[in-house]
Amino acid sequence: MENTQHNDHNDDHIAVAHHPSYGVNILVWIGLISLTCITVSVAGINLGSLALSVALIIAIVKSLFVINFFMHLKFDNKALKIFLGICVITFVIILLLTFFDLTFRT
Amino acid sequence: MSNHIEHAEEIHEIHIHRDDFGSRMGLWLFLLTEILLFGGLFLLYAGYRYIYPDGFIAAATELDVLLGTINTIILLTSSLTVVLAIVALQKSNKKLSMFFLWITVACGLLFLVNKYFEWGAKFHHGIYPKGPALQNMSEGEVLYFGLYYVMTGLHGLHIVVGLAFIGFVMWQIHKDIITSTNFQKLENSGLYWHLVDIIWIFLFPLFYLIH
Amino acid sequence: MRPNITQQVDESFYIIMGISVILLMVITAAMLYFLYKYNAKRHPVAENIEGNTTVEIVWTVIPVILVLFMFYISWTGFKNMRDVPKDAMVVKVNGQMWKWSFEYDNKKKSDTLYLPVNKNVKFEITATDVNHSFYLPQFRVKEDAVPGRTNYYWIRTDKVGTFYAACAEYCGLNHSYMYATMKVLPEEEFLVWKNYFPSETGKDTTATKTDSLKTSSTVADTLKNKTDSLKTTSTVRDTSKSMKDSLKTDSLKKK
Amino acid sequence: MANGTIAATGKAAEVDFYHVKGRHKGILSWLLTTDHKRIGLMYLVFIIFFFLVAMTIGVLMRLEMLSPGETIMKPQTYNSLFTLHGVIMIFLFIIPAIPAVFGNFIMPIQLGAQDVQFPKLNLLSWYLYIIGGALAILSLFSGGGIMDTGWTFYVPYSVRTTTNVSLSVFAAFVLGFSSILTGINFIATIHRLRCPGMTWFRMPLFSWALYATSWIQILATPIIGITLVLIILERALGIGVFDPTLGGDPLLYQHMFWIYSHPAVYIMILPAMGVVSEIIPTFARKPIFGYVPIAISSLAIALVGYLVWGHHMFSSGISDTSRVIFSLLTFFVALPSGIKVFNWVATLYKGSITVSAPMLYVMLFIFIFSIGGLTGLVLGALNTDLHLTDTYFVVGHFHYVMFGGMGIIFFASLHYWFPKMFGKMYNEKMAKFAAYWIGIGFNVLYFPFFIMGYLGMPRRYYDYLPEYQIWHIISTVGSWILVSGILLMIANLISGLKSGKRTTDNPWGGTTLEWTTSSPPTLENFEVLPTVTAGPYDHTKIHGQEENK
Ligand code: HEA
Ligand code: HEA
Ligand code: CUA
Ligand SMILES: [Cu+2]
């Protein structure tokens, strides 16, 4: 058993995270503002049951922008991505299992 | 299985070495708890919205979409300025960095002022827990406003904490404790601020944009 | 006929418990045996065993089978429990601090639960203030009484006799005194009671209860008080003489 | 000396961490310390304090149950006492106990680190724990009297009762915060501070267990935090979130409560399982059987533990579909625990076993925890649970897993790491006697609970029908046996602390890194940072034998 296994103690090279430049960030911001406008105007249209999904999808896209660029997760260590993934999956599981109760109640 | 003995003098100084990534990891872990803190509330929201779809739609009409949109834009902008402050500091432009942070603080305060007027208007109309108007509303509406106050209130509290964090960081930048090579604290305050922003990104459509 | 719920619960219990006891004995026996056999005195040099994939698989797969079996047993019992027979008689149960009250399909109300024997009975359970739980220990089943919701279960009354219902969800000061007496009567007697006797809620039970608390007597007394009040009802019943006679003989015949 | 092939140069040059001259002196050198060992010990003092308080309450409750009707107290007192007993045991004792004390003290050393990743945060966790405890105590003497809701705080009762729920609940909230910060600290420590060569699969199993535990702490605790805040808001402001008269759904409260509190039971047991995996190889003189399965099953328990909270709500009226799903998942959570038990027993096979006090406690644990866990299966079964839920059967189940599982292992850890922490040794004979005595008392105390429960004795009952009295009497007598055993154990440890023999650095022949430092360790734990070249439980070269190889 040689010491070949990856030990994330050693990857200090990403200690200082890479940040996108001014320009990229401003572009992301423009995207976010546009998405806000879209979601507000879409809300005016009567989409029925789709409305919630559309609103949520837009919100998810927006938050992905913030997470990946503003919070530069895209350029950061893989461990942090896994952490966030675990957290989101946990939340989804909780939601799902609770709804197994709510939707099947008599 | 090698059994050689390593003399590792060079690691002896490990305790003074700075671990930016470790610090960031700690903050991310904390953010996860924040996500789940609000997650609990989102779970309640989902449950009650499922049980009382009509009440929620009726109640949402009471909120001012314009005000909500303005607040969204304010928060998104403040998020941008935090990032720009980091980029500026990285480029050793301390003045510019401080300037961006001031904008962030201003945006945060503006957001709170808006919220204050929004809540004030609701209170004025008797829409508050045990308030006269709320008592005549349907169950779904009561729950909607209960959650509205709790969730936006908790979010507001996070804004306050975020502002305090950023204020502290600004003071340290001013004192040159945080510098272009040592800015993890600024990063962390930024990460926190973005999370508060993300939560708002979800609160906004869920409360303001239901029809 | 449908399997009896009460018996099914007991069966599941004994099967799962039986498997568990065997597992426990195997584990404990192995442990003690190893402690004895490989004691440092008897076995001074340990062997360097780091694991064995085959046994890992074995003791994963066997428990999987066992737990699936346990799940299956309890699930069949559960399905029976939730599937109320069509002919079940409905009794509405209401819990409040700290008494039970019952309402029958003819709007008749009572604090004592009278039921006909050999009948399927469905309880529709709710509460007015806080959570309670309608527990019939002798029938091995309970379901919470939650304000704003109606839960249900059903039982089959298979013998005449006196039973009791307890409150099994903590509900405050007198939680441990929240009993109701349950009388299973021969069907005719039950019908007479149901159709000819006045509603009797809130008659004396709460009073007795608080009294019994004050004098800090025991639950047993409380229950006895209730049975006493039951007895008074039956003396009332004696007055409706002609009916009584016919019923008595009938019920006797049945037994 | 498997895990610790280190460059051990001139030792004893440095003094141990008790005698280091720091910036502060006297009591301040403790209150302002950031040393993980000192913080661990400070936790130990207060955790034992709260444990004793709650145990005393437990004994009082048993006295009350000696006879039906009033024995020594009024119903309101009893209701407050079991609430207090539950709240203190859960939030102030069992959740922090092993992680905060032994996790803090031992885990960084086991990883070959000098401290945790965030030492200041560690101290903050301790202060939050103290503040939470102080608030809990304050709540007894203020407001409308001692809370009487049960440790589950079920609405609507918790919103209606006039007792001091808000403050107690706030105390639990603060304690939750403390627990979260500890979790964050441990995860970061395990990711960042493992010494060179300490790969994930060379980590001692105790660290693995703490890693899994920390994840549960981080991901589950916030949910209870917000739920408790909602109770406070509901009580103080009448905000409608759970109140059924306003349309709220009490079952959603129960979901939120158990989304935390079920995973929380694995916060309690996982660290204990980690300790077991440390002690057994040491005293069997051989590597643990199935290192990888045990490590992975810790993660599996953490994961599956998330999916089963509904089994506490089988009788509350959740949908039939969800009951079936939750029940099935509950059965699966037994598998990883089973794998651990089997591997532990298999480790004994062909070992060279010394049954010292810690080992004795561990054997007791395996027996008692198995009973507790297996009765958990009866509760997880759909139809039997409807009979047994909220009866003494449940009370029996959870005392077997909590006290018999985690509590006993807390005692085991005290005995196992005692020489390391204090550099002294207790009286081994006495310790073993106390362990047997505790084992007997424990079973006499709690086994009757299963019988009573099956016969239909509901829990949280101040008063009961005379037919149950015989079981209550046996159980109360058992509590006296247990009390004497625990007092004996404590007395023995204290006298060991005062006048015990000095020990060597490695009295048990352990192979993990903490046994390579001095007892007690120096401030920075290691003279020279260790480098690890093999797995944690390699006994082939125990102390002194490595040269011969
Ligand atoms: C340390 C704490 C702890 C632990 C580890 C557990 C472990 C388990 N618990 Fe327990 N439980 C509690 C603490 C704990 N519990 C508490 C505090 C309550 C009550 C809360 C309240 O209402 O106040 C409770 C209540 C509770 C209930 C609800 C009862 C009710 O109110 O109706 C249920 C139901 O499913 C349950 C099930 C289980 C199961 C299946 C496990 C499993 O994880 C057990 C797994 C272990 C084993 C199975 C034994 C070892 C394995 C073998 C010997 C191998 C062979 C076995 C097979 C695979 C078949 N528990
Ligand atoms: C870790 C968890 C833990 C532990 C260790 C214990 C330990 C004990 N518990 Fe526990 N118990 C709970 C957790 C725990 N309990 C929980 C969560 C509940 C549910 C609460 C609820 O319903 O909300 C509960 C409920 C509960 C009940 C049910 C109440 C009811 O439903 O009506 C009972 C009844 O007998 C009981 C008894 C005991 C006893 C006798 C002990 C014994 O172990 C105590 C043994 C005591 C000693 C051995 C003391 C020795 C020491 C001293 C006497 C020192 C005194 C000196 C000084 C202070 C200096 N407990
Ligand atoms: Cu009603 Cu307990
Ligand atoms: Cu559970």
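Residues numbered from 1 in each chain as written. Chains lettered and ligands numbered in written order. Predicted model: local features only at pLDDT ≥ 70, side-chain atom pairs only at ≥ 80, totals over all residues. Heavy atoms only, no water.

## Examining the overall build of chain D
Quick note on the threshold: Strands are runs of DSSP state E lasting at least 2 residues, helices are runs of H or I lasting at least 4, and numbering of each runs from the N terminus. Atoms counted for the radius of gyration: C-alpha only. Globule rule: 2.2 Å times residue count to the power 0.38. The rule is simple: take the accessible area with a 1.4 Å probe, protein chains only, and divide by the maximum for that residue type; under 20% is buried, over 50% is exposed, in between is partly exposed.
Assigned secondary structure in chain D consists of 15 helices and two strands. Taking 549 residues into account, the globule formula puts the C-alpha radius of gyration at 24 Å, and chain D, at 23 Å, falls close to it. Seen through its C-alpha atoms, chain D measures out along the principal axes to roughly 75 × 50 × 45 Å. By the burial criterion, 73% of the 549 residues in chain D qualify as buried.

## Brief notes about the site of ligand 2
Residues and elements named next belong to chain D. The following threshold applies: Consider each residue's heavy atoms; a residue with any of them within 4 Å of a molecule or strand counts as near. N or O atoms closer than or at 3.5 Å make up a polar contact, with two conditions inside protein: a donor-capable atom paired with an acceptor-capable one, and, for residues adjacent in sequence, both atoms drawn from side chains. The residue classification treats Ala, Val, Leu, Ile, Met, Phe, Trp, Tyr, Cys and Pro as nonpolar and Asp, Glu, Lys and Arg as charged. All others, Gly included, are polar.
Around ligand 2, 34 residues are found, and the nearest of them are Tyr78, His85, His399, Phe403 and Arg460. Residue histidine 85 places a side-chain N or O atom 2.7 Å away from a nitrogen atom belonging to ligand 2. Mapped by element, the contributors of at least two residues to the shell around ligand 2 are helix H2 (36-64), helix H3 (75-110), helix H13 (392-422), helix H14 (428-455) and helix H15 (469-499). For the shell around ligand 2, the residue count by class is 25 nonpolar, six polar and three charged.

## With respect to the environment of Trp417(D)
Residue and element names in this part refer to chain D. Rules: What makes two residues a contact is simply this: any of their non-hydrogen atoms within 4.5 Å.
With respect to the secondary-structure elements, tryptophan 417 resides in helix H13. For tryptophan 417, a relative accessible area of 0% translates into the label buried. Spatially, the C-alpha atom of tryptophan 417 lies 35 Å from that of isoleucine 474, the residues being 57 residues apart in sequence. Beyond its immediate chain neighbours, meaning those up to four positions away, tryptophan 417 contacts Phe102, Ile106, Gln110, Phe206, Val275, Glu514 and Trp515. Within polar-contact distance, the side chain of tryptophan 417 engages the side chain of glutamate 514 at 2.9 Å.

## Some words on the site of ligand 1
Every one of the 35 residues lining ligand 1 counts as a neighbour, but Tyr266(D), Asp385(D), Thr389(D), His397(D) and Arg459(D) are closest to it. The site occupied by ligand 1 is bordered by residues of chains C and D. A distance of 3.2 Å separates an oxygen atom of ligand 1 from a polar side-chain atom of His311(D). For ligand 1, an oxygen atom lies 2.7 Å from a polar atom in the side chain of Asp385(D). Mapped onto the shell around ligand 1, the elements with two or more residues apiece are helix H1 (5-37) and helix H2 (53-82) of chain C together with helix H8 (250-284), helix H10 (320-348), helix H11 (357-380) and H13 of chain D. The element best represented in the shell around ligand 1 is H11(D), accounting for eight residues. For the shell around ligand 1, the per-class residue count stands at 22 nonpolar, eleven polar and two charged.

## Describing the sheet that holds strand E1 (residues 89-96) of chain C
The test is simple: The pairing criterion is simple: DSSP has to find at least two bridges between the two strands.
Spatially, E3-E2-E1-E5-E8 (chain C) is the arrangement adopted by the five strands of the open sheet, whose pairing is mixed. Each of the sheet's edge strands pairs with one partner strand only, and the pair in question is strand E3 (109-110) and strand E8 (151-156) of chain C.

## Let's talk about the confidence of the model for chain A
Residues and elements named next belong to chain A. This is how the line gets drawn: The predictor reports its confidence for every residue as pLDDT, a score running from 0 up to 100.
Scored by pLDDT, chain A comes out at a mean of 81, with 83% of its residues at no less than 70. By mean pLDDT, the top-scoring element of chain A is helix H3 (residues 78-104) (93), and the lowest-scoring one is helix H1 (residues 22-44) (89). Residue range residues 1-14 is modelled with pLDDT below 50. Its contacts to residues more than four positions away, or to other chains, number 31 contacts.

## Brief notes about the confidence of the model for chain D
Residues and elements named next belong to chain D. Summarising the model, chain D shows a mean pLDDT of 89, and 96% of its residues fall at 70 or more. Residue range residues 1-12 is modelled with pLDDT below 50. Its contacts to residues more than four positions away, or to other chains, number 42 contacts. A low-confidence stretch, residues 543-549 stays under pLDDT 50, and its non-local contacts, those more than four residues away or across chains, total six contacts. At the level of chain-chain contacts, confidence expressed as ipTM amounts to 0.89, with global pTM at 0.90.

## Some words on the coordination of the iron atom of ligand 2
Residues and elements named next belong to chain D. Counted only if it meets this: Note that water is not among the atoms used; donors are N, O and S atoms within 2.8 Å of the metal (3.2 Å for Na, K and Ca), so sites may look incomplete. Geometry assignment treats four donors as tetrahedral when all angles are between 85 and 135 degrees, treats four as square planar and six as octahedral when opposite donors are over 155 degrees apart and all others between 65 and 115, and treats everything else as irregular.
At the metal site, the iron atom of ligand 2 is ligated by His85 (NE2) and His399 (NE2), and these contacts range over 2.0 Å. Each of the six donor atoms bound to the iron atom of ligand 2 contributes to angles spanning 85 to 179°, and the resulting shape is octahedral. One end of the pair, histidine 85, is in helix H3; the other, histidine 399, is in helix H13, with 314 residues separating them in the sequence.

## Points about the state of the cysteines
Spelled out, the test is: Cysteine sulfur pairs qualify as disulfides if the two atoms are within 2.5 Å.
Within the structure shown, the criterion is met by zero disulfides over all chains. In this structure Cys107(B) is a free cysteine whose sulfur lies 16 Å from that of Cys37(A), the closest cysteine sulfur available. Residue classification places Cys107(B) among the buried positions, given a relative accessible area of 12%.

## Things to note about H13(D)
Residue and element names in this part refer to chain D. Heads up, the condition is: Values of bend correspond, residue by residue, to the angle between axes fitted over the seven residues ending at that residue and the seven starting there.
The sharpest bend along H13 comes to roughly 45°, located at tyrosine 416, with the proline proline 419 sitting one to four residues further on. Within H13, 31 of the 31 residues are buried, which leaves it mostly tucked inside the rest of the structure. One or two residues past the end of H13 sits glycine 423, with phi positive at roughly 75°.

## What to know about unusual backbone geometry
Residue and element names in this part refer to chain D. A cis geometry characterises the amide bond from valine 155 onward to proline 156, with omega recorded as 0°. Positionally, proline 156 belongs in the loop between helix H4 (119-140) and helix H5 (157-160). Residue serine 519 is joined to proline 520 through a cis peptide bond whose omega torsion reads -10°. Following the sequence through the fold, proline 520 ends up in the segment after strand E2 (501-502).

## Points about the interface of chain C and chain D
Note the following rule: When two components associate, each loses some accessible surface as probed by a 1.4 Å sphere; the sum of these losses over both components is called the buried area. Note on definitions: salt bridges are taken to be side-chain nitrogens of Lys or Arg within 4 Å of carboxyl oxygens of Asp or Glu.
At the interface, 82 residues of chain C touch 90 residues of chain D. For the pairing of chain C and chain D, the buried interface totals around 7100 Å² over both sides, and the portion due to carbon and sulfur atoms is 68%. Interface area lost by chain C to chain D is led by Trp59(C), Phe78(C) and Tyr170(C), which between them contribute 10%. The interface formed by chain C and chain D holds two salt bridges in total. The partner of Glu143(C) in a salt bridge is Arg323(D), with the nearest N and O atoms 2.7 Å apart. Counting the contacts that link chain C with chain D gives 29 residue pairs in polar contact (both at pLDDT 80 or more). Breaking the side of chain C that touches chain D down by element, the ones donating at least two residues are H1, H2, strand E7 (141-145), E8, strand E9 (161-167) and helix H5 (219-239) of chain C. Top element by residues in the side of chain C that touches chain D is H1(C). It accounts for 17 residues.

## Thoughts on the pairing of E8(C)
Residues and elements named next belong to chain C. Counting buried positions along E8 yields five of six residues, so the element is predominantly enclosed. Examined bridge by bridge, strand E5 (residues 120-127) and E8 share six bridges and lie antiparallel to one another. Residue pairing across strands places glutamate 124 opposite tyrosine 152, the latter belonging to E8.

## As for the side chain of Asn80(C)
By secondary structure assignment, the location of Asn80(C) is in helix H2. The contacts of Asn80(C), once residues within four sequence positions are left out, are Arg2(C), Pro3(C), Ile5(C), Gln8(C) and Trp154(C).

## Things to note about the domain arrangement of chain A
Residue and element names in this part refer to chain A. Counted only if it meets this: Either an automatic procedure or a domain database provided the assignment from which the domain bounds are taken.
Taken as a whole, chain A is organised into domain 1 (18-75) and domain 2 (77-106). Taken together, the contact between domain 1 and domain 2 spans four residues of the former and four residues of the latter. With both sides pooled, the region where domain 1 packs onto domain 2 buries about 300 Å², and carbon together with sulfur makes up 73% of that total. Along the contact surface separating domain 1 from domain 2 lie zero salt bridges.

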